[in-house]
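So you can see what is in the structure, the chains are spelled out below.
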Amino acid sequence: MGVIIFTTATSLTAPSLVRIPGTYYMAHTQEKVVALTFDDGPDPIDTPQVLEILKEKEVRATFFVLGQAVKDNPRLLKRLANEGHEIGNHSYDHDYKQQRLLKEISQTDDEVYAATGIHTYFYRPPGGFLSKAQLESIKKNGHVVALWSVDSKDWRNPGVNQIVKNVMNNVFPGAIILMHDGGYHRTQTVKALGLIIDSLKREGYRIVTLSELKKFDTERNSELNSELK
């Protein structure tokens, strides 16, 4: 899929499953290893519940946070980091059009650093919407664009069982799984999370952060791997 421009009003409504050259959307590996990622937090109600489940299941995930949410919940982000989870950048206020792209990335990075002393490395555009020019700007800014290859579609609130099926029917070695811990009431996500983790483990999958997942990528000579080293 070489086209990465989504500009119509109707297209700016929900995430799409995207596999774009020059971005990090999976690891090429035969090892049964996947990454769980969460967007739109930290949320004072849903994120603590997600963290409790991850702690109970002994799983570390990657959270793509919004700068505004970090500003409102710095202690929650610090807890997230202290519990070993990875922090990614998801813009400041979830503007799909990203009219202030680099400024929002910088603002969010500043808020994350103020709360945790950590700089963000991965950037995920809201909804996965991105132009080629924006992709190049993000690269030059020092961030790697991280998308996904398995969409739980929890943003649709389709029901707990359906969220689980959306993941388990599409998962594969090296997949990056998209979920959400903010942006709206994520009760279904919270209820589905433990079931997904248990199902993945039963099928022999290990769950890791994005930084850990990239170490399994066998395409050592690709442009993406050069950026991630």
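Since the model is a prediction, treat every value here as computed from it, not as a measurement.

### With respect to the pattern of salt bridges
When the charged atoms of two side chains with opposite charge come close together, those side chains can pair.
Thought 1: Summed over the entire model, instances satisfying the criterion amount to seven salt bridges.
Thought 2: The salt bridge partner of R60 is E212, with a shortest N-O separation of 2.1 Å. With a gap of 152 residues between them, R60 in the loop between α1 (46–57) and β2 (62–65) and E212 in helix α8 (residues 210–213) connect regions that are remote in the sequence.
Thought 3: As a salt-bridge pair, K139 and E136 come within 3.8 Å of each other at their nearest N and O atoms.

### Observations concerning the packing of aromatic side chains
Thought 1: All chains considered together, the criterion is met by four aromatic pairs.
Thought 2: Ring geometry for Y24 and F122: centres 5.7 Å apart, planes at 35°, overall tilted. Taken as a pair, Y24 in the segment before β1 (33–41) and F122 in strand β4 (residues 122–123) lie far apart in primary sequence, 98 residues in all. Residues Y24 and F122 agree in their burial class; the two are buried.
Thought 3: Following the ring pairs from residue to residue traces out a cluster consisting of Y24, Y121 and F122.
Thought 4: Taking the ring centre of Y205 as reference, the NZ or CZ of K32 above it sits at 4.7 Å.

Cut-offs and rules
Residues numbered from 1 in each chain as written. Predicted model: local features only at pLDDT ≥ 70, side-chain atom pairs only at ≥ 80, totals over all residues. Heavy atoms only, no water. Salt bridge = Lys/Arg side-chain N within 4 Å of Asp/Glu carboxyl O. Helix = DSSP H or I, 4+ residues; strand = E, 2+ residues; numbered from the N terminus. Phe/Tyr/Trp six-rings, centres within 6.5 Å; stacked < 30°, edge-to-face > 60°. Buried < 20%, exposed > 50% of the residue type's maximum accessible area, 1.4 Å probe, protein only. Lys NZ or Arg CZ within 6 Å of the ring centre and 35° of its normal.

The values reported here are purely geometric and, on their own, carry no functional implication.
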